[in-house]
Amino acid sequence: MGRSRIAVVIGWLVLVGAVPAVLTAFKVTDPWVAGGAALVAALALVAAGMWQERFKRLVQRRDEQRFKVADGLLLLKSGRVPKVGQMSDPLRLGVHPSAPAYGAAAGSGRVAGDRVPAYVPRDVDTELAEQLRRGGFVVLVGDSTAGKSRTAFEAIRTELPAHELFVPGDKNIGKDVMAALVERISQSRRAVLWLDDLEHYIRAGTMTTAQISRIRDGKGHKVILATLRSAEEDQLTQVPSDAEDPKRKLGDEAIQMLGQACKIRLRRLFSAGELERTRAHVSDERIADALDYSGEYGIAEYLAAGPHLQDAYDNAWEVGRNPRGAALVAAAIDCRRAGHLSALPKALLEELHHGYLDARGGQRLRPEPLEQAWDWATRQRRSTTALLQPADDGAQIEVFDYLVDRYQQQVGPTAHVPQQTITTIIGHARTPDLDAIARQMRAQGRYKLATQALQHAIQLRRVNDGEEHPDTLASRNNLAGVLRTLGRLEEAEAEHRAVLKIRRRVLGEEHPDTLTSRSNLAGALGALGRLEEAEAEHRAVLKIRRRVLGEEHPDTLTSRNNLALALGALGRLQEAEAEHQAVLETWRRVLGEEHPSTLTSRNNLAGVLGDLGRLEEAEAEHRAELETCRRVLGEEHPDTLASRNNLAGALGALGRLEEAEAEHQAVLETCRRVLGEEHPSTLTSRNNLAGALRALGRLEEAEAEHQAVLETCRRVLGEEHPDTLTSRNNLAGVLRALGRLEEAEAEHRAVLETWRRVLGVEHPSTLASRNNLAGVLGDLGRLEEAEAEHRAVLETCRRVLGVEHPSTLASRNNLALALGALGRLEEAEAEHQAVLKIRRRVLGEEHPSTLASRNNLAGVLGDLGRLEEAEAEHRAVLETWRRVLGEEHPDTLASRNNLAGVLGDLGRLEEAEAEHRAVLEARRRVLGVEHPSTLTSRNNLASLLRASGRLEEAEALE
């Protein structure tokens with residue numbers, strides 16, 4: 001019946017070539033019909049030109065009306081992949097609709113009621129067309145409703161009309177479906193893969209760097225054309241270099257994927273040239289209206305009714321309007337902000353909206369019935385888009401992404417979705433969304449919520465996919481990472497071991513996922529203080545990756561970097577430096593000077609240079625890395641902030657304390673603004689600032705900062721989290737410096753007890769805590785107790801870390817000091833001599849720890865009455881400090897003060913006085929008149945003057 005009606009419309013004037021097309025399109029296979037049609041076509045040759053284009057439009061429209069989704073793809077009803085030229089309706093590709101045409105626009109050659117106005121050429125069109133002709137991966141980046149999808153659609157229609165168009169039928173398609181889609185594209189000669197909202201595919205792991213490369217580098221002309229919201233780009237790529245898997249892995253994947261792309265940025269507000277071109281279409285009242293508001297809104301933004309929907313939402317909260325509907329929208333916005341990317345269950349929004357309604361006034365707002373609220377929220381505004389758009393069978397809801405972006409801009413990047421909302425979402429979400437929520441919570445430092453999301457995802461995957469499914473194992477691996485961040489290290493190790501065991505059995509010893517599991521286990525072992533086991537695992541993984549992947553593969557280099565870090569933790573600093581240098585050289589050659597992996601490697605090298613005492617080299621590396629981070633990543637990127645923090649640490653080690661404080665203050669201010677007051681990175685920054693204040697002698701300020709950090713850590717992370725215990729230890733150190741020794745002892749004992757219970761008696765953190773307690777006991781005059789603690793720590797350090805580890809040597813040095821305080825000077829000298837011998841061999845003559853050992857030995861020699869030897873040692877140390885650190889470094893001044901003391905003991909009072917006065921003047925200038933070291937200098941000079949009988953001068957100083 002339909003075939004006869006089409007024949008009447010075309011009539012007997014059908015052109016040559018068109019009849020076969022019609023018969024093919026409508027599956028007419030009768031040879032007699034075909035033959036007769038050919039005869040009619042021959043007789044109609046004269047009329048051919050008149051009807052050809054009209055017929056093509058008709059057949060094309062018929063195809064467009066018969067699209068279907070099959071096998072994860074948008075296909076013609078016939079099951080064929082459409083050509084770009086057959087896709088004349090941009091709404092099918094995610095373009096936001098406009099209000100229907102009316103007035104002059106309806107009679108200007110366009111179809112009345114058309115939802116898509118005339119296209120206004122954008123400034124990027126020429127660049128975009130050129131990239132499409134070249135082929136490859138092209139990403140349009142811009143704000144919501146900037147016009148990305150429409151610009152991309154018009155470009156492929158113009159440049160690539162004959163290409164096959166592959167459009168995923170669902171942004172949340174599975175990995176298997178995407179893999180099959182990539183396989184189909186690889187078999188096509190000319191193809192466009194359309195990825196609207198690229199972030200969905202990156203976060204779900206359905207599109208990978210390897211798949212991009214396969215399409216881009218395959219035979220024929222292939223284009224991958226994607227859109228990406230600017231806010232999503234920031235979230236995907238702004239990952240701190242020290243972040244743990246999976247966020248680091250996701251960030252690396254996003255950075256590598258986008259690094260393969262030609263990124264073209266599209267501004268939301270139109271340029272002067274674009275506005276001029278817009279004026280050519282003012283006969284369309286919609287465009288004319290948009291021009292009136294072009295100073296505040298983009299043309300595409302206005303046409304998509306973004307501002308109107310925002311106004312409708314804002315006004316709905318008024319009493320008696322639609323506050324319940326607004327609450328539904330608010331709940332949907334927060335679900336998206338929490339990381340729930342797929343369509344939202346209506347039941348979830350109905351459960352959540354009560355909290356949002358109550359927060360704004362509840363029944364005082366006179367909320368409408370729920371059914372009316374849904375009608376209001378899902379009603380199209382200006383016949384374009386609804387605040388909440390029904391999806392699938394109507395049981396699912398999509399929120400207009402414009403509202404999400406605008407709200408996030410309004411509240412700022414540090415505003416968190418309420419905890420109760422997250423918990424409720426977790427109860428409703430599917431597994432891909434649970435993984436995305438976990439990543440979002442982890443990025444915000446809300447580790448307990450990340451744990452909840454992952455545990456629920458694992459539970460669902462075990463039921464639906466089975467214990468050994470790759471996605472189940474991936475979720476378990478992610479959970480192990482969060483447990484490690486939470487300080488639940490034994491649980492993290494158990495999870496990593498369980499995942500590794502299954503992957504070895506299912507995938508084999510050399511599969512990339514198996515090696516990743518083994519590397520993660522090595523990281524957990526290192527955190528547990530089992531450093532030799534960690535090194536062995538890292539070496540084993542590195543050996544396999546070198547053989548299987550090659551020397552320059554990113555995974556091989558990551559493995560080598562991890563080994564270098566393990567070597568550093570073991571105190572084998574020269575080996576660690578050599579590894580970091582080799583990794584850095586390869587990253588530079590393979591990825592370039594500005595790649596994030598290169599910058600991370602350079603930062604790690606700078607860290608080990610600082611540990612080696614090569615402080616000026618370390619500073620130079622940190623400065624160079626920071627400069628590149630600022631230029632490439634921006635001032636507020638987590639890696640930039642981490643780099644600036646590390647530079648501040650290097651400045652502090654160099655004795656440039658005011659510069660260090662200024663850097664720490666700047667980093668803290670940015671962390672607070674970008675990440676929020678309670679984010680772990682903000683707390684770390686605040687702790688570092690407190691340390692800088694302590695070094696400056698501003699002990700009361702330092703105590704206040706440490707108290708504030710500790711309070712927040714307790715509330716956010718819990719009493720036994722490693723960061724909480726570290727904060728409590730730092731507070732105890734300031735209390736000790738303030739002379740409040742009983743309080744300091746109590747804090748150190750509490751921290752030590754917790755470390756013992758949580759990490760065990762042999763963990764490095766436990767040993768450090770016990771060493772700190774021993775120091776306070778010595779200050780309290782309980783010297784035998786202090787010696788016993790130092791001996792116990794030293795014995796454990798020797799057994800666990802080895803006799804030449806920096807922590808072992810530090811422990812032996814502290815025991816020597818305790819022996820000196822007990823008057824057992826010969827024993828103290830022997831210990832100092834032994835420590836100095838090892839430090840000279842391991843660290844070198846000019847390392848700060850070597851010089852500290854030499855200074856301590858000089859002190860014991862003085863106490864033994866061997867004053868000439870003591871003077872010679874002090875002079876040698878002072879000369880080295882001056883050459884290495886400069887005349888006014890705090891360590892240089894401390895060394896000069898010690899020399900002055902020995903000169904006084906030798907009776908060379910004028911020399912001693914000159915030294916004390918020079919040190920006092922420098923400390924006043926460098927550290928300030930109230931710094932403890934300045935006060936010590938002043939007291940030393942006064943004592944010398946008193947001993948010389950110059951009592952009035954001494955009293956003036958006192």
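Being a predicted model, the structure only gives us computed values, none of them experimental. Residue positions are given per chain, counted from 1 along the sequence in the order it is written. The predicted origin of the model limits local features to residues at a pLDDT of at least 70 and limits the giving and counting of side-chain atom pairs to 80 or more, whereas totals for whole chains, interfaces and linings rest on all residues. Note that the side-chain values use all heavy atoms of the structure and ignore hydrogens as well as water.

Novice: Hey, could you go over the overall build of the protein chain for me, with residue numbers and the actual values?
Specialist: Runs of H or I in DSSP of at least four residues are treated as helices and runs of E of at least two as strands, each being numbered from the N terminus. The number of helices and strands found in the protein chain is 46 helices and twelve strands. Per-residue burial over the protein chain gives 53% buried out of 958 residues. Counting only contacts in the protein chain whose residues sit at least 6 apart along the sequence, the fraction spanning at least 24 positions is 63%. On the protein chain, roughly 41,500 Å² of surface is accessible, and the fraction owed to carbon and sulfur atoms is 49%. Three labels apply to residues, based on accessible area from a 1.4 Å probe with only protein chains included: buried if under 20% of the type maximum, exposed if over 50%, partly exposed otherwise in between. Throughout, a residue-residue contact means that at least one pair of heavy atoms, one from each residue, lies within 4.5 Å. A 1.4 Å probe and the Shrake-Rupley method give the accessible areas. Residues count as covered only by the protein chains that appear here.

Novice: Kindly report on the pattern of salt bridges, identifying the contributing residues and their values.
Specialist: By definition here, a salt bridge exists when the distance from a side-chain nitrogen of Lys or Arg to a carboxyl oxygen of Asp or Glu is within 4 Å. Summed over all chains, the structure comprises 96 salt bridges. The partner of R698 in a salt bridge is E661, and the shortest N-O contact between them spans 3.1 Å. Here R698 is found in the loop between α33 (680–695) and α34 (699–717), whereas its partner E661 is found in helix α32 (residues 657–675), with 37 residues between them in sequence. For E661, a relative accessible area of 13% puts it in the buried group. A single network of salt bridges, built from pairs that share partners, joins E199, R203, R229, E232 and D405.

Novice: Residues and numbers for the environment of V902, please.
Specialist: Within the secondary structure layout, V902 lies in helix α43 (residues 890–905). V902 sits 30 residues away from A872 along the chain, and the two C-alpha atoms are 10.0 Å apart. Filtering out sequence-adjacent residues up to four positions away, V902 remains in contact with L867, A870, E871 and H874.

Novice: Talk me through the pairing of strand β7 (residues 262–265); I want residue IDs and the actual numbers.
Specialist: Burial along β7 is one-sided: C262 and I264 are buried, and none of K263 and R265, which face the opposite way, are. One bridge is not enough; two strands pair if DSSP finds at least two bridges between them. Pairing geometry for strand β3 (residues 136–142) and β7, over four bridges, is parallel. Paired with L140 across the bridge in β7 is I264.

Novice: Residue-level account of the nonpolar core, with values.
Specialist: Definition of nonpolar core: a set of buried residues of the types Ala, Val, Leu, Ile, Met, Phe, Trp, Tyr and Cys, connected through side-chain atoms within 4.5 Å. With 69 residues, the main nonpolar core has Y313, V329, L349, L388, I422 and I425 as its most contacted residues. For this core, the element with the most residues is helix α16 (residues 323–337), which contributes nine residues. In this structure, I425 is in contact with C335, A338, H340, L348, L352 and I437, ignoring residues within four places of it in sequence.

Novice: Residue-level account of the pairing of strand β5 (residues 190–195), with values.
Specialist: The side chains of a regular strand alternate between the sheet's two faces. Of all six residues in β5, five are buried, a share of seventy percent or more. Note that strand β4 (residues 164–166) and β5 share three bridges and pair parallel. When the sheet's bridge partners are listed, L165 is paired in β5 with V192. When the strands point away from the viewer, a crossover counts as right-handed if the route from the first strand across the helix to the second turns clockwise. Running through helix α7 (residues 175–186), the crossover from β4 to the neighbouring parallel element β5 is right-handed. As paired strands, β5 and strand β6 (residues 221–229) are joined by six bridges and run parallel to one another.

Novice: Before we move on, can you summarise the packing of helix α15 (residues 306–315) against helix α19 (residues 401–411) with the specific residues and values?
Specialist: At a closest axis distance of 10 Å, the pairing of α15 and α19 adopts a crossing angle of 70°. With respect to each other, α15 and α19 are oriented roughly perpendicular. In the crossing of α15 with α19, the sense of the turn from one axis to the other is right-handed. Contacts between α15 and α19 pair G306, P307, L309 and Q310 from the former with Y402, L403 and R406 from the latter. Any residue outside Ala, Val, Leu, Ile, Met, Phe, Trp, Tyr, Cys, Pro, Asp, Glu, Lys and Arg is labelled polar, Gly included; the first ten of those are nonpolar and the last four are charged. Taken together, the residues of the contact of α15 with α19 break down into four nonpolar, two polar and one charged. Here the axes come from fitting lines to C-alpha atoms, over the contacting stretch only for helices, and the angles between their N-to-C directions go from 0 to 180 degrees. Put simply, angles under 35 degrees are roughly parallel, angles over 145 are roughly antiparallel, angles from 65 to 115 are roughly perpendicular, and the rest are oblique. Put simply, a crossing is left-handed when the front helix is turned counterclockwise from the back one by less than a right angle, and right-handed when it is turned clockwise.

Novice: Account for the packing of aromatic side chains, with residues named and values stated.
Specialist: Aromatic pairs are defined between Phe, Tyr and Trp rings, using the six-membered ring for Trp, whenever the two ring centres lie within 6.5 Å; interplanar angles under 30 degrees are classed as stacked, those over 60 as edge-to-face, and all others as tilted. Scanning the entire structure with this criterion turns up three aromatic pairs. Centroid distance Y293 to Y302: 5.1 Å. Interplanar angle 15°. Geometry classified as stacked. The class of Y302 is buried, set by a relative accessible area of 7%. Over the ring of W374 we find K346; its NZ or CZ atom is 4.6 Å from the centre of that ring. In this analysis the charged atom, NZ for Lys or CZ for Arg, is taken to sit over a ring once it is within 6 Å of the ring centre and within 35 degrees of the ring normal.

Novice: Explain the sheet that holds strand β12 (residues 396–399) residue by residue, including any values.
Specialist: If you walk across this open sheet you meet the three strands as β8-β12-β11, and the pairing is antiparallel. At either margin of the open sheet sits one strand with a lone partner, and together these are β8 (344–345) and β11 (388–391). As paired elements, β8 and β12 share two bridges and run antiparallel to each other. Counted as the bridge partner of P345 is Q396 from β12.

Novice: Help me get a handle on the environment of L303, residues and values and all.
Specialist: One can find L303 in helix α14 (residues 299–303). With 16 residues separating them along the chain, L303 and I287 place their C-alpha atoms 7.3 Å apart.

Novice: Which residues make up the sheet that holds β7, and what values go with them?
Specialist: With parallel pairing, five strands are arranged side by side in an open sheet as β4-β5-β6-β3-β7. Whereas interior strands pair on both sides, the edge strands pair on one side only; in this sheet they are β4 and β7. When strand polarity is set aside, the average angle formed by the axes of neighbouring strands in this sheet is 20°. Strands β4, β5 and β6 of the sheet are contacted by α7, whose axis makes an angle of about 155° with β5.

Novice: Account for the side chain of N477, naming residues and giving values.
Specialist: Within the element layout of this structure, N477 appears in helix α23 (residues 470–485). A distance of 2.7 Å separates polar atoms of two side chains, one belonging to N477 and the other to N520. Setting aside chain neighbours within four positions, we find N477 in contact with H496, V499, R503 and N520. Residues adjacent in sequence count toward polar contacts only when both atoms are side-chain atoms; beyond that, a polar contact is any pair of N or O atoms within 3.5 Å, and within protein one must be able to donate a hydrogen and the other to accept it.

Novice: Tell me about the packing of helix α36 (residues 741–759) against helix α37 (residues 764–779), and please be specific about residues and values.
Specialist: At a minimum axis distance of 9 Å, the contact between α36 and α37 shows a crossing angle of 160°. Comparing the axis directions of α36 and α37 gives the class roughly antiparallel. The handedness of the crossing between α36 and α37 is left-handed. Taken together, the residues of α37 that come into contact with α36 (itself represented by L741, A744, E745, H748, R749, V751, L752, W755, R756 and L759) are S765, T766, S769, R770, N772, L773, V776, L777 and D779.

Novice: Let's hear about helix α25 (residues 512–527): which residues, and what values?
Specialist: A rise of 1.5 Å per residue sets the reference length of α25, with its 16 residues, at 22 Å; its end C-alpha atoms lie 23 Å apart and thus fit the reference within 8%. A large share of α25 lies buried, amounting to twelve of its 16 residues. Within α25 the residues assigned to the buried category are T514, L515, T516, S517, R518, S519, N520, L521, A522, G523, A524 and L525. At the exit of α25 stands G529, carrying a positive phi of roughly 85°. To estimate how far a helix should reach, multiply one less than its number of residues by 1.5 Å.

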